[in-house]
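Each chain is listed here by its residues.
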Amino acid sequence: MRPMAQLAMVMNLDKCIGCHTCSVTCKQAWTNRRGMEYVWFNNVETRPGQGYPRRYEDQDRWRGGWELNRRGALKLKAGGRLKKLAGIFSNPRLPEIKDYYEPWTYDYKNLTDAPLGTDYPVARPVSQLDGKPMKIAWSSNWDDNLAGAPAHGDLDPMVERTRERAAEKVRFAYEQTFMFYLPRICEHCLNPSCVASCPSGAMYKRSEDGIVLVDQDRCRGWRMCVTGCPYKKVYFNHRTGKAEKCTFCYPRVEAGLPTVCSETCVGRLRYLGVVLYDADRVTGAASTPDERDLYEAQLDVFLDPADPAVIRAAKEAGIPYDWLQAARRSPVHALVSTYRVALPLHPEYRTLPMVWYIPPLSPVVDALAETGHDGEDAGNLFGAIDTLRIPLEYLAELFTAGDVGPVRASLEKLAAMRSHMRSVNLGDEPDPAVPAAVGMTPGEVEDMYRLLAIAKYEERYVIPTAAVGDARRLEESALPEACSLDYDGGPGMGGDGPFGQDSGRRRLPLVPVENFHILRRRQTADDEREV
Amino acid sequence: MTVFLWGVLPYAAFALLVAGLVWRHRYDRFGWTTRSSQVYESKLLNIASPVFHYGILFVLVGHLVGLFVPASWTGALGVSEYTYHLFSLYGGTAAGVLAVAGIGMLIYRRRTKAPVLRATTANDKAMYVLLLGAIVLGMAAKLSDTSGDGYDYRGTIAPWARSLFILRPQTGLMEGVPVLYQVHAVAGMVLIALVPYTRLVHMFSAPVQYLVRPYVVYRSRDPRQLGPRPDRRGWERAGS
């Protein structure tokens, strides 16, 4: 066992209202620069829909992620090392900017500078790539709220697959349709195919917190990572010629703050926490033969932070104490492993993604309520989850490589929670059979409810700071070596300065943590011996 | 003049190359990139770029063989002068045609695709002129004399090139060389000198280590990056 810590995220899709606040704040914080106009480290897609960049899930075309070769070993879908180097002079699988969308601005100057005339001046859209006037035809959320779905919806690769497998149609007729929002950031995978694709070795996974980053000084602009990432969450900065990607807001996270997207999320649907995993088991899990078993395989990679053996091994591996403590309090671990309501996005890419999603129950509840049934009655809900096959199978294409079992289990838990909590809130006697039907106790259901519905800031974001884990070492390194003149009777001889204990020639006003308590005790003690 | 061109310029070019690479590595690693324009336009590039790069790599191999394999070695292998000439003529011309066709397409693409043209700097333009000039001059020099055994550069240019490495440049060897070859050689040396100062620098980051490194790279946080950063040079705070 080789335990490693990973900062991970869970998003509760039931709560996403598609407001794009996360995208906008992220954009303002990170990609509000020339060369990155078309880049959204965080984007929110309406599903069914093509996503951003268009049809990024079509891996027959973009060749992202891993696949198994004939011997059952992992291999990059876009080709191995030799093929990559031989084809380094161009990358046929690289999306062009226009596959994302052509970024534009408006000719605002015309509004003030236009000569006097009979027509009102207008600000025409101008391409930010070539500076010429352009027709706006697509953008990162062009098909927001199913806009144009009758025309574009069929192009969703997951709709295509659902139709292949379920033989029935996902309908885009107005009364029969369904939709939900899918916010996406970099998955910070355990088995990142972008890192594996980088010929320069500029991309890396941080060993302390698992955040996947691009070393801007070592990136040489070969663009293989863009192809390698099946989620298309590595972007090419067309001005600097370097790859850039979501950084999990590491400067904030290191200081114990949540990522910008989490912090500003209006629906408070994001959870951040530490997950412990066994690095030795990653490759094995990623090479699971049947792609439908990948979800379970990834769960097996995670370690139980309460297990004494795990704690011992983690300590030996150098994971700091407060990280272990955070792992035990981690909402992500609870939602992923304890309650098993969160699911990974596209496990079939074999990258073991670490941003997980709680599938949306709302379309089911709404559909029930519209047909005149009680949308929160457990019996109705359980039945409805199965009869509304299309959403279930569509969700399964997204979250479990097409296996509806885990999606149904997750939705049933959410349905049981709604039903149980309704009884509690209405003062009815809760039926213990409802939680039991999904393998939970009433207590567990209420705990899950607390986490999903009313968890406060500190419960949603359990982030150990980088510095505290290292505090002792940092403190030691920050303390100055003893002054060279500070020998007995020397000119730098210690002692009180002219204005008391803290005055004089002390070089750093730094008090080691241990001494802080000693100092306080000395200042507050009545008796000298107590000190 | 002879001494300057064939005794000084080669060393100056080499010095500029090395100094430039060191400077770039120390102070401008962020700018050390291919500056790919593929995200603007992919279709033409997917054909033109491999054609040019493979062509120019073969050209490079050809130059290495021509300049650094003495005639006596090939003679010892039983390769006659005429066979060698044919091999060098056809092989070299094929590689040269690939390179010229590739760079032709690339320049056409750069000129006609508006976003690509907009991302082209003055430095790029100068580099293109020099690169294209060197390639075309080389082709012209080679094709200007194809009769019989052709111009035997292995009796003059190659020994001169080798003499550079033992620090005893035999500049006299270059005096009788046809002008086209001379101009080509000078253009080549200027190009070598300019490599680190243009986007051509990406040739020195050929990622061969990719073949042997583990797929997933782990790196730990730089401990110096925790906590406040040290003051930048020239901005150190006066005592507190």
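Cut-offs used in this document
Residues numbered from 1 in each chain as written. Chains lettered and ligands numbered in written order. Predicted model: local features only at pLDDT ≥ 70, side-chain atom pairs only at ≥ 80, totals over all residues. Helix = DSSP H or I, 4+ residues; strand = E, 2+ residues; numbered from the N terminus. Buried ≥ 20, exposed ≤ 12 C-beta atoms within 10 Å, placed from the backbone. Contact = placed C-beta atoms within 7 Å. UniProt positions renumbered as here; feature names shortened; annotations may be inferred. Axes fitted to C-alpha atoms, helices over the stretch in contact; angles between N-to-C directions. Left-handed = near helix turned anticlockwise from the far one by under 90°. Nonpolar A, V, L, I, M, F, W, Y, C, P; charged D, E, K, R; others polar. Pairing = 2+ DSSP bridges. Parallel < 35°, antiparallel > 145°, perpendicular 65-115°, else oblique. Core = buried A, V, L, I, M, F, W, Y, C linked by C-beta atoms within 7 Å. pLDDT = per-residue confidence, 0-100. Arc of directions from axis to C-beta.

Enquirer: Outline the overall build of chain A, supporting the account with residue identities and numerical values.
Expert: For chain A, the helix and strand inventory stands at 26 helices and 14 strands. Within chain A, the proportion of its 531 residues that are buried is 46%. Pairs at least 24 apart in sequence give 68% of the contacts found in chain A among residues at least 6 apart.

Enquirer: Residues and numbers for the overall build of chain B, please.
Expert: Within chain B one finds 8 helices and 1 strand. Helices and strands appear in chain B in the N-to-C order α-α-α-α-α-α-α-α-β. Its C-alpha atoms give chain B principal-axis dimensions of about 80 × 45 × 40 Å. Per-residue burial for chain B yields a buried fraction of 25% across its 240 residues. A sequence separation of at least 24 residues applies to 82% of the contacts in chain B between residues at least 6 apart.

Enquirer: I'd like a rundown of helix H16 (residues 331–338) of chain A, residues and numbers included.
Expert: All names here are of chain A. Burial of H16 is extensive: 6 of the 8 residues sit out of reach of the surface. Burial in H16 covers these residues: Pro331, Val332, His333, Ala334, Leu335 and Val336. As for H16, its buried residues are in contact with strand E1 (3–12), strand E12 (270–278), helix H15 (321–328), strand E14 (355–358), helix H22 (442–454) and helix H23 (457–460). Immediately beyond the C-terminal end of H16, within one or two residues, lies Arg340, with a positive phi of roughly 55°.

Enquirer: Give a description of the UniProt feature "domain: NarG-like" (unreviewed entry) in chain B that names residues and reports values.
Expert: As recorded in UniProt, the sites labelled "domain: NarG-like" (unreviewed entry) are residues 3–221 of chain B. Each end of residues 3–221 of chain B is marked by a C-alpha atom, and these two atoms are 53 Å apart; helix forms 65% of the span and strand 1%.

Enquirer: Help me get a handle on the UniProt feature "transmembrane region" (unreviewed entry) in chain B, residues and values and all.
Expert: All names here are of chain B. In this numbering, the UniProt entry assigns the feature "transmembrane region" (unreviewed entry) to residues 6–23, 44–69, 89–108, 128–144 and 179–197. Span residues 89–108 is 100% helix and 0% strand, its end C-alpha atoms 27 Å apart. Between the C-alpha atoms that bound residues 179–197 the distance is 28 Å, and the span itself is 84% helix and 0% strand.

Enquirer: For the packing of helix H2 (residues 43–68) of chain B against helix H4 (residues 81–112) of chain B, give the residues involved together with the corresponding values.
Expert: All names here are of chain B. H4 packs onto H2 with a crossing angle of 145° between their chain directions and a minimal axis gap of 7 Å. H2 and H4 meet at a crossing whose hand is left-handed. Here the contact of H2 with H4 is built from residues that sort into 17 nonpolar, 9 polar and 1 charged.

Enquirer: Describe the sheet that holds strand E13 (residues 343–344) of chain A, with residues and values.
Expert: Residue and element names in this part refer to chain A. Judged by pairing direction, the sheet is mixed, and its 4 strands sit side by side in the order E12-E1-E14-E13 without closing on themselves. Bordering the open sheet on either side are E12 and E13, each of which pairs with just one other strand. The sheet contact formed by E1 and E14 spans 4 bridges and is parallel. Counterpart to Met9 in the pairing with E14 is Val355. Against the sheet, H15 makes contact with E1 and E12, and its axis sits at roughly 115° relative to E12, the strand it touches most.

Enquirer: Describe the interface of chain B and chain A, and please don't skip the residues or the numbers.
Expert: Counting residues at the interface gives 36 residues for chain B, matched by 42 residues for chain A. Of all the secondary structure elements, the ones that give two or more residues to the side of chain B that touches chain A are H2, helix H5 (114–118) and strand E1 (218–219) of chain B. Counting residues per element, the side of chain B that touches chain A draws most heavily on H2 of chain B, at 5 residues. Partitioned by chemical class, the residues of the side of chain B that touches chain A number 17 nonpolar, 13 polar and 6 charged. Two strands pair when backbone bridges link them, and strand E8 (residues 203–206) of chain A and E1 of chain B are joined in this way by 2 bridges, in the parallel orientation. Across the sheet, the residue bridging to Lys205 of chain A is Tyr218 of chain B, located in E1 of chain B.

Enquirer: Can you tell me about the packing of helix H1 (residues 2–27) of chain B against helix H8 (residues 179–194) of chain B, naming the residues and giving the values?
Expert: All names here are of chain B. At a closest axis distance of 7 Å, the pairing of H1 and H8 adopts a crossing angle of 25°. It follows from the interaxial angle that H1 and H8 lie roughly parallel. Between H1 and H8, the residues in contact are Leu5, Leu9, Pro10, Ala12, Ala13, Leu16 and Leu17 and Val186, Met189, Val190, Ile192 and Ala193, respectively. Grouping the amino acids of the contact of H1 with H8 by side-chain chemistry returns 12 nonpolar, no polar and no charged.

Enquirer: So, the nonpolar core: which residues are in play, and what are the values?
Expert: Soluble globular proteins: nonpolar side chains tend toward being buried together. By size, the foremost hydrophobic cluster in this structure holds 142 residues, and its most contacted members are Val10 and Leu335 of chain A. Core analysis: the second largest hydrophobic core is formed by 16 residues, Phe52, Ile56, Val59 and Met139 of chain B among them.

Enquirer: Explain the confidence of the model for chain B residue by residue, including any values.
Expert: Residue and element names in this part refer to chain B. For chain B, the average pLDDT comes to 91, and 96% of its residues sit at 70 or higher. No element of chain B has a lower mean pLDDT than helix H3 (residues 71–76), at 90, and none a higher one than H2, at 96. For this predicted complex, the interface score ipTM comes out at 0.90, while the overall pTM is 0.87.

Enquirer: Account for the sheet that holds strand E9 (residues 212–214) of chain A, naming residues and giving values.
Expert: Each strand in a sheet pairs with its neighbour through backbone hydrogen bonds, running either in the same direction (parallel) or in the opposite one (antiparallel). If you walk across this open sheet you meet the 3 strands as E9(A)-E8(A)-E1(B), and the pairing is mixed. The open sheet has two edge strands, E9 of chain A together with E1 of chain B, and neither has a second partner.

Enquirer: Lay out helix H13 (residues 294–301) of chain A in plain terms, naming residues and giving numbers.
Expert: Residue and element names in this part refer to chain A. Residues of H13 that are buried: Leu294, Tyr295, Ala297, Gln298 and Val301. In an axial view of H13, the angular spread of the buried residues amounts to 160°, which keeps them on one side of the axis. Buried residues in H13 make contact with E12, helix H12 (282–286), E13 and helix H20 (404–426).

Enquirer: Explain the pairing of strand E2 (residues 43–47) of chain A residue by residue, including any values.
Expert: Residues and elements named next belong to chain A. When you tally the buried positions in E2, you get 5 out of 5 residues, the bulk of the element. Side chains of E2 alternate between two faces, with Asn43, Glu45 and Arg47 and Val44 and Thr46 buried alike. Note: E2 against strand E7 (residues 180–184), 5 bridges, orientation antiparallel. In the strand pairing of E7, Val44 is matched with Pro183.

Enquirer: How would you explain the pairing of strand E11 (residues 242–245) of chain A if you had to name every residue and give the values?
Expert: Consecutive residues of a regular strand have side chains that alternate between opposite faces of the sheet. All names here are of chain A. Along E11, one buried face is formed by Lys242 and Glu244 and the opposite face, lined by Ala243 and Lys245, is buried too. Pairing analysis gives 4 bridges linking strand E10 (residues 234–237) to E11, with the strands arranged antiparallel. Its bridge partner being in E11, Phe236 is matched across the sheet by Ala243. Following E10, the chain reverses through 4 residues before pairing antiparallel with E11; Gly241 in that reversal takes a positive phi of roughly 70°.

Enquirer: Which residues make up unusual backbone geometry, and what values go with them?
Expert: Between Arg47 of chain A and Pro48 of chain A the backbone carries a cis peptide bond, its omega angle lying at 0°. Tracing the sequence through the fold places Pro48 of chain A in the loop between E2 and helix H2 (59–62). Cis geometry is found at the peptide bond from Tyr52 of chain A to Pro53 of chain A, where omega equals -5°. Structurally, the position occupied by Pro53 of chain A is in the loop between E2 and H2. Positive phi values are uncommon outside glycine, yet Arg223 of chain A reaches one of about 75°. Position of Arg223 of chain A relative to the elements: it lies in the loop between E9 and helix H9 (224–228). Not every positive phi belongs to a glycine, and Arg35 of chain B is a case in point at roughly 45°. Along the chain, Arg35 of chain B turns up in the loop between H1 and H2.

Enquirer: Talk me through the confidence of the model for chain A; I want residue IDs and the actual numbers.
Expert: Parts of the prediction with low pLDDT should not have their coordinates interpreted in detail. Looking at chain A as a whole, the pLDDT averages 87, with 86% of positions reaching at least 70. Note on residues 504–511 of chain A: pLDDT under 50 across the span, and 11 contacts to partners over four residues away in sequence or across chains.

Enquirer: Before we move on, can you summarise the environment of Arg110 of chain B with the specific residues and values?
Expert: Relative to the elements of secondary structure, Arg110 of chain B occurs in helix H4. Counting along the chain gives 74 residues from Arg110 of chain B to Ser36 of chain B, while the straight-line C-alpha distance between them is 12 Å.

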